[in-house]
Amino acid sequence: MPDANTVQSRQRTVTTILIAIPIVLLVLYLIPVKVGGQVTDARTAQPLADVAVDLGKKEIRTDAEGRFSTRTFRFRPVNASIELDRYQPWQGKSQFNLIPLLPASIVAAVQPNRLGGQIVDASSNEPVPGVILTAADQSATSDKAGQFELLNVPRENVILQAESDGFIPFQQAVDAGQLAANASMLTLQLLPDGLRGTVSDAATGQTLPGASVLFGDRTTESQDDGFYYVSHVSGSDLLQVILPGYLPASIAVESTAILAGEEPLDVALEPTVLSGKAVDGRTGEPLAETKLAIGGKTLIADEAGGFHFQGLHGNGLLLEASLAGYEPVRVAVDETSHLLDGQDLVVELLPKHLAGRVFNLVTDSPLAGATVIAGNNGADTDDDGRFILWGAEAPLEVVVSAEGFSDAESRFDDNQEIRVALKPRHAVITVEDLESGERLPGISLIGPRSQNTSDAQGVALLRLLDPGEVFTVTADGFSTAVIPYDGADQVQVQLYRDTIAGHAVDGKRGEGIIGATVYVYDGAQCQGAQCQGTEPAVMADTNADGSFLVEDAPPDAQVMVKAPGFDLYFPEALDQGECGAPYCLEAELQPFEARGFYIPFHYLYNRALIEERLDLVANSPVLNTVVVDMKSDLGEIAWEPRNEVARDIGVYDPNLMSAQEFLEKARERGIYTIARFVTFKDNALAEGRPEWGARKKDSPGVLWRDAEKLAWVDVYRDEVRQYEIDLAKELAELGYDEIQFDYFRFTGHPDHTQFDYVVESTTENRVEAITTFSSELMDALKPYGVFTSIDVFGSIILTGQEPFIGQNLAEMAAGLDYVSPMIYPQVWWPGTFPGCDEPVLCPYQVIYDSTERVRDTVALPTRIRPWLQGYPNNYRSSGPAAGYNYSVPEMMIQRKAADDAGADGWLFWSGGGNFPDQIFGPMPSLVDLQAQVAARQGR
């Protein structure tokens, strides 16, 4: 067992060791240690050489392996930071080992700058693959999803550019915040190739936002940087750029490179300029130093009185001018002439003077032409009643006189403008009958401020009447006269009789005719039947009993009465009777039924063939009418048009027999002429004005065509409707008896929602479009005295409407003279015609029942005149009528059915214009015809 000394010795040793260990450790921790580090690319782990590492008080650079080292105390960690242009900023500190003297480490994995995003088509928002993107010296290509990534992009002064075929090159500045590893993805929108450029100020070169840019029917605005863009450019056109304060620019764009967006078309707008001169209003001498102000801008006129403002715009601008010794003046500036056309504005300043104005005492209106006398000085008033006495000084006495007014005196007590009122005198008016010269008592005379009635001698005093004013003279049965008063004391007025009263009656039945129209023409313009096709001086419709009253007829009135189902009526003279009006007319109209056939447009190229067709009608005891194409299915017309669009697209061929020549030949033979007018199936107009054509939404740049490869037009377009109305009016002016409108409808396509019309094509919209156009067309043609008719599908008789193509028979027939349903038996498929399983075998029933059904739908005065099947083919491939074609008996049975049903005539149709002439001969009995048909059918 150790002794006490040994134990104490051991305890002292342990104590010493326990005290020494912390001291040694402290000493070791106070010894500087090595700090080693390495800088690497965080994405690739590759070392980065020659990188500056900021250690606070010093900076060291990495070696080829990206390494660096330093020494430091453990109680003083190394704080390091790295700033690289192509990497994200990095900061860190040294990490020490727990064991003294072992080196510390710094691991610096720096993140490369990253720019990522997606490219999309600005028009469709779809991704765009294959786009080449560059930023500084870095490049990338977008993938199938339109996404891209650029690494090691510099942080400053970098422009991102994107290019791809079919799109306009794109660029934008890169913000440093977009380069961080956690930065949001960019979305870049590329514009498809189109017309593009920059709008700028031609004087300063500054870009101009907000400019209206028009190309064809496309409109856009320049952006904040002046950039403009027009997509889906399909062809050359005129580029127009408009911005208030600048002259409009118009540039014809034909370059394919510019239209495709390969090259920009920059537009430099010239500022508007208001130039002019300030002059002495009396001498015309220039006035230097004149102060001028307009639109918040002010300047001083130069030595020649000239001034020059830029950048003004708008109507209602007033230029204010002032100069010592002259009266200030305000002059209206006209935007068109002064700012856009550059017309100089002359500003006249008047020297100081005495001025005043003269007024009518009764009307308080300015009085022009009054004479102002002040001693040896004098002046006349202008249109505003103003006068100026140059060089005169107050006080000053003046005397004012004017023709038709009593003189008045006034006085200038100072330099202020004075006001002088003159009292008007009165006029004595005599009223006479123009034809007899007799004076007319009881005639009403109405002036601006008084009225009176002529006495037994036809004389009246009209008070408070000023020169230049008008008064009105009226009497029942006489023309209304509006007379300008010239200031004379006595005025003679002559009136002529202008009222016609009477009845339009059926010359066969003696009944009054509803729906007749009475046209009254000026005899100085036309006589008798020559008046048809010209616009009347006045017209009126008959009442339910056929009575009418026409007022405001011109002298030597020429009258025509028109009613559907009757011949035109032209009285040789007007009689005076007991009808309650100066002229009376009992018009007995003779019934008329048109019986004829169709002549196609291409016949007009063969004059001999036309002569043969017209002779057939002239020599027939049955026929009296021809229907001839004047506007064909192709949109061609047979006369030289006045309409500018028709002239521009070239719809007239002078080599054919003109409408005028055909009409003359028909009139020589006494034939009733119906001009067929194909309406909305207008291939020529659609091709000449493609933007007016019917097109599908999925192919807006392509005209839709029907089974005949012919294009149609957009029925909803105002331009289309006006074009058809204009041509119809031109045709009416030629003097044809009737215009018959075909294809008066929408296309037969099964889904109108597929079309890119200017409005949504609903059932209601289609019916409204056709109905309103019919009303507009009838109103436009009514003044020309031409009969009107419309062809409709035979199937419309079942319900009275075909909303799919926009037709409501009753509504569209309002104001129409004839409806011509195309009720050919062949067009009715088996089982579709009520009461007959195979309509081809029931020609009499189809025509008879159809005519009666239409009459039940369409109200008088519109008449029913059907189209009959004049061609043989029925196109049946099965059933009892398979292979059974029509011949003379079936066609004549249709005639018989139309006559028996009380139709107002009939017309035979064959698309090629070929008919068996026997069908126009005398009508056999129905029994004989049916027997012939039974024999042909093998019954």
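Look up a bit, the structure's there.
Bear in mind that the values here come from a model prediction, so they are computed numbers and not experimental data.

So, the state of the cysteines
Here the structure, examined in full by the defined rule, presents three disulfides. Each sulfur of the disulfide joining C526 and C531 lies 2.0 Å from the other. Around the S-S axis, the bridge from C526 to C531 shows a dihedral of about 105 degrees and counts as right-handed. Among the cysteines of the chain that take part in disulfides, numbered as they appear in the sequence, the pairing is 1-2, 3-4, 5-6.

Comments concerning the pairing of strand β33 (residues 396-401)
With burial as the criterion, only one face of β33 is covered, namely that bearing L396, V398 and V400; the residues E397, V399 and S401 on the opposite face remain uncovered. Pairing between strand β30 (residues 371-374) and β33: three bridges, direction antiparallel. Bridging from a neighbouring strand, T371 pairs with S401 of β33. Taken together, the five bridges between β33 and strand β34 (residues 408-412) define a ladder with antiparallel strand orientation. Its bridge partner being in β34, V399 is matched across the sheet by E409.

What to know about helix α4 (residues 607-618)
For α4, built from 12 residues, the straight-helix expectation of 16 Å at 1.5 Å per residue is met to within 8% by its first-to-last C-alpha distance of 16 Å. Packing partners of the buried residues in α4 comprise β49 (594-599), β50 (625-631) and α6 (659-668). For α4, the N-terminal capping position is held by N606, with its side-chain oxygen 3.3 Å away from the main-chain nitrogen of A608.

Points about the packing of aromatic side chains
Going through the model one piece at a time under the given rule, you end up with 28 aromatic pairs. Ring centres 6.5 Å apart and planes at 55 degrees place the aromatic pair Y672 and F787 in the tilted group. Taken as a pair, Y672 in strand β51 (residues 672-678) and F787 in strand β53 (residues 787-793) lie far apart in primary sequence, 115 residues in all. Across the pair, exposure class does not vary: Y672 and F787 are buried alike. An aromatic cluster is defined as three or more aromatic residues linked by ring pairs; in this entry it consists of F597, W906, F908, F915 and F920. Lying across the ring of F359, R419 places its NZ or CZ 3.7 Å from the centre. The cationic tip of R865 hangs over the ring face of Y818; the distance from NZ or CZ to the ring centre is 4.3 Å.

Things to note about the pattern of salt bridges
By the definition in use, this model includes 41 salt bridges. Residue R386 pairs with E417 through a salt bridge whose shortest N-O separation is 2.7 Å. Taken together, the positions of R386 in strand β32 (residues 386-389) and E417 in the loop between β34 and β35 (418-422) put the pair 31 residues apart, joining distant regions of the chain. Judged by its relative accessible area of 24%, R386 falls in the partly exposed class. The partner of D413 in a salt bridge is R411, with the nearest N and O atoms 2.4 Å apart. Judged by relative accessible area, which is 56%, D413 ranks as exposed. Classification of R411 as partly exposed rests on a relative accessible area of 37%.

Things to note about the layout of surface pockets
Considering only enclosed or pocket space, the largest pocket measures out at about 840 Å³ in volume. Along the wall of the largest pocket there are 34 residues; nearest its centre are D633, R676, E708, Y743 and W909. With three residues, the single largest contributor to the lining of the largest pocket is β53. The residue inventory of the lining of the largest pocket, partitioned by class, reads 17 nonpolar, seven polar and 10 charged.

Notes on helix α13 (residues 926-937)
Spanning 12 residues, α13 covers 16 Å between terminal C-alpha atoms, matching the ideal 16 Å at 1.5 Å per step. Buried within α13 are the following residues: L926, L929, V933 and A934. For α13, the arc enclosing every buried residue in end-on projection is 140 degrees, short of the 170-degree limit, so these residues lie on one face. Set apart from the buried face of α13 by more than 90 degrees, the exposed residues are V927 and A935. Buried-residue contacts for α13 involve α11 (843-857) and α12 (888-900). Positive phi shows up at G938, right after α13, with a value of about 75 degrees.

Reading the values: the criteria
Residues numbered from 1 in each chain as written. Predicted model: local features only at pLDDT ≥ 70, side-chain atom pairs only at ≥ 80, totals over all residues. Heavy atoms only, no water. Disulfide = S-S within 2.5 Å. Buried < 20%, exposed > 50% of the residue type's maximum accessible area, 1.4 Å probe, protein only. Helix = DSSP H or I, 4+ residues; strand = E, 2+ residues; numbered from the N terminus. Pairing = 2+ DSSP bridges. Expected span 1.5 Å × (residues − 1). Contact = heavy atoms within 4.5 Å. Polar contact = N/O pair within 3.5 Å; in protein donor to acceptor, adjacent residues only side chain to side chain. Phe/Tyr/Trp six-rings, centres within 6.5 Å; stacked < 30°, edge-to-face > 60°. Lys NZ or Arg CZ within 6 Å of the ring centre and 35° of its normal. Salt bridge = Lys/Arg side-chain N within 4 Å of Asp/Glu carboxyl O. 1 Å grid on protein atoms, 1.4 Å probe; cavity = no way out; pocket = protein on both sides within 12 Å on 5 of 7 lines; lining within 4 Å. Points joined across faces, edges and corners; volume = space filled by probe spheres on them. Nonpolar A, V, L, I, M, F, W, Y, C, P; charged D, E, K, R; others polar. Arc of directions from axis to C-beta.

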